[in-house]
Amino acid sequence: MKTRILILLLAAILLLPCLCACADTGKENQDSTKADVEVEEDIFADVDYEGREFWIYTSTNIASTGMGNSNFMIEGSEEEADSSDIVGSAVYKRNLDTEELLGVNLEYVHCDLMYTMVADDIKKHVTSGSDEFDLIINDLFPLAGLSVNGYFVNTLDDEYHFDFDQKYWYSDYMTDVSFVEGYQFLLAGDYFADIIRSAHCLIYNKSLYEDKYGNPDELYDIVLDYEWTQERMLQMIEENYVDLNGNGKADEEDRYGYAICDIWGCSIPLITSGDCNYMDRDSETGYPIITIDNPRTYTLTESIYNLMYSKGTGVFAEQELLNEFARDKALIVGYQRLGSLEHLRDMENDLGIIPYPMLLASDKQYTTSSHDTTEVGVIMTTAIYDMDFISTVLEVLNRETGKTVMPQYYETALKVKYTDDPQAGAMIDIIHDNFRNVFELAYDNAVGEPIKTVIYGTIAANSFNVSSKLAKSQRSCQKRLNTMISQCEKNFIE
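Residues numbered from 1 in each chain as written. Predicted model: local features only at pLDDT ≥ 70, side-chain atom pairs only at ≥ 80, totals over all residues. Heavy atoms only, no water.

Caption draft 1: Just a nonpolar patch on the surface, in detail. Judged by side-chain polarity, Met114, Tyr115 and Met117 come together as a nonpolar surface patch covering roughly 290 Å² of accessible area. In this structure Tyr115 comes out as partly exposed when scored by relative accessible area, which is 33%. (Patch = residues over 30% accessible without salt bridge, like charges linked within 9 Å, V, L, I, M, F, W, Y side chains within 5 Å. Areas by Shrake-Rupley, 256 points an atom, 1.4 Å probe, with all protein chains shown as cover. Salt bridge = Lys/Arg side-chain N within 4 Å of Asp/Glu carboxyl O. Buried < 20%, exposed > 50% of the residue type's maximum accessible area, 1.4 Å probe, protein only.)

Below, the structure written as structure tokens:
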């Protein structure tokens, strides 16, 4: 009882300055209060679309990594999730708040298509003149390939209600993936939660690390000191191979330093984070220029070759990769994304999260890949007549996601619920804050696949000598790029 009284007294003391301030009815205080109200006023407060439907063509295709699909953070549930589902409850609230503020009804049509089928599906809708969808959410590289051909709305028009200076929009990401300066077709922001969920990361077994090196958090210090390079990773991989069955050869019964499922998918984040200087932009026109034929690409290819073919690297079936890792069959598991953490909550040993390594220590900058099938947004040109409505709803959805959903998913779920490692948050921040090299993931397929056919193709053929192939590939890819630039000029530039 005494304790309760003491708490009430302390609360009253803390409230006293506020009560005194409220008692001050002077003009200065009134002006200040009025100014505060004006600053906080919602610019969309007077908008009312009177129950109008906002139709979203949302992808429900399951990601190949086994981490499911991100539509649960778009559509949510018709009913508020239980209190244990903090992300589901936040998505429900975001959608409800948006609907009530703007007087809209969010409606969804599911698109369960492989990435190879997405482009033809969208072409069909646009060429038929269909305006049934206000927003499309689907895979990065097929949407990027369509963006130069006039299928999507340029979102940079000043008359639209997008505020791309806000943090809930990923401006650098959208600029990087823009083909021509002044034209932005692909949308990336907090609302498109798959960008965060599909951010590549490496996950390591802290118990195995402690058995080998001692302090299980030492790897975090290596990352923070910018010593986490592909060379350091290779050293660690080879040091942690153990011939558990003693038969003198690497097989499925052994323990590995690095677990992968294939060369292609597992090379993508290494190529992106290693930064092969894939492209540059013309200083006058801003057009992209393919620059992949350079000494750094040669060094990077050899480095990835060494990682892929190390005795310390074990190859497992994709569907069993996380299970084998959870069974202590590898120190580090590749091909994973932040969303993969949702499926490792029951792992017996503690796990750690780190970014993919730099190529060289002198780089002093980590780079995050969000994969080429990351789901982003576009608006079909058949819906351009109603961009006032569409841009308003999308702006509010992104804003409310930044306020409601991301604090729960990013700060609570990722950093607390999915891992109890107090230092993992700093690593997740590095992964989250360093999306770069999106262009090469988005357009490699469209310009002739110098990454897939040359870098991956050479490594898959058990070689790392790409110098002779890259020169030829760069020339042919630049020709295709020039054709795309001409198409852009024809479609968009007067």
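Resuming the write-up.
Caption draft 2: Local environment of the confidence of the model for the chain. Summing up the model confidence of the chain, the mean pLDDT is 88 and the portion of residues at 70 or higher is 90%. Note on residues 1-38: pLDDT under 50 across the span, and 3 contacts to partners over four residues away in sequence or across chains. (pLDDT = per-residue confidence, 0-100. Contact = heavy atoms within 4.5 Å.)

Caption draft 3: A look at the pattern of salt bridges. Going through the model one piece at a time under the given rule, you end up with 14 salt bridges. For the salt bridge of Lys124 with Asp121, the shortest nitrogen-to-oxygen distance reads 3.6 Å. A residue pair is termed a helical-turn pair when its members lie 3 or 4 positions apart in one helix, as Lys124 and Asp121 do in helix α4 (residues 115-127) at 3 residues. You can call Asp121 buried: its relative accessible area is 11%. Arg399 serves as the salt-bridge partner of Glu400, at 3.0 Å between the closest nitrogen and oxygen. It is possible to trace a salt-bridge network through shared partners that takes in Asp42, Arg399, Glu400 and Lys403. (Helix = DSSP H or I, 4+ residues; strand = E, 2+ residues; numbered from the N terminus.)

Caption draft 4: Structural context of the packing of helix α14 (residues 387-417) against helix α15 (residues 424-432). Direction vectors running N to C along α14 and α15 enclose 125 degrees, while the axes themselves pass 10 Å from each other. In terms of their interaxial angle, α14 and α15 are classed as oblique. Helix-helix and strand crossings are classified by hand; for α14 and α15 the assignment is right-handed. Note on element contacts: α15 touches α14 through Gly425, Ile428, Asp429 and His432, opposite Tyr410, Leu414 and Lys415. Taken together, the residues that form the contact of α14 with α15 break down as 3 nonpolar, 2 polar and 2 charged. (Axes fitted to C-alpha atoms, helices over the stretch in contact; angles between N-to-C directions. Parallel < 35°, antiparallel > 145°, perpendicular 65-115°, else oblique. Left-handed = near helix turned anticlockwise from the far one by under 90°. Nonpolar A, V, L, I, M, F, W, Y, C, P; charged D, E, K, R; others polar.)

Caption draft 5: Structural view of the packing of aromatic side chains. What the rule picks out here adds up to 23 aromatic pairs. Taking 5.2 Å as the distance between ring centres and 55 degrees as the angle between the ring planes, the aromatic pair formed by Trp264 and Tyr456 counts as tilted. Separated by 192 residues along the polypeptide, Trp264 in helix α11 (residues 264-274) and Tyr456 in helix α17 (residues 450-460) bring together distant segments of the chain. Aromatic rings pair up to connect Tyr160, Phe162, Phe164 and Trp169 into one cluster. The ring of Tyr335 is capped by Arg337, whose NZ or CZ atom sits 5.2 Å from the centre of that ring. (Phe/Tyr/Trp six-rings, centres within 6.5 Å; stacked < 30°, edge-to-face > 60°. Lys NZ or Arg CZ within 6 Å of the ring centre and 35° of its normal.)

Caption draft 6: Spotlight on the packing of α11 against helix α12 (residues 295-308). Here α11 crosses α12 at 145 degrees, and the two axes come no closer than 10 Å. Regarding α11 and α12, the two cross each other, and that crossing is right-handed. The segment α11 lies against α12, with Cys266, Ser267, Leu270, Ile271 and Gly274 engaging Arg296, Leu300, Ile304, Leu307 and Met308.

Caption draft 7: Local environment of helix α10 (residues 230-239). Where α10 is concerned, the buried positions are Gln230, Met233, Leu234, Met236 and Ile237. Buried residues along α10 cover an arc of 165 degrees about the axis, so they all sit on one side. (Arc of directions from axis to C-beta.)

Caption draft 8: Expanded view of the sheet that holds strand β11 (residues 375-378). Pairing is mixed across the open sheet formed by 4 strands, whose spatial order is β2-β1-β3-β11. Because the sheet does not close on itself, it has two edges, and the strands there are β2 (104-111) and β11. Between one strand axis and the next, the sheet turns through 20 degrees on average, direction left out of account. Docked against the sheet, helix α5 (residues 140-147) engages β3 (135-139) and β11, running at close to 120 degrees with respect to β3. (Pairing = 2+ DSSP bridges.)

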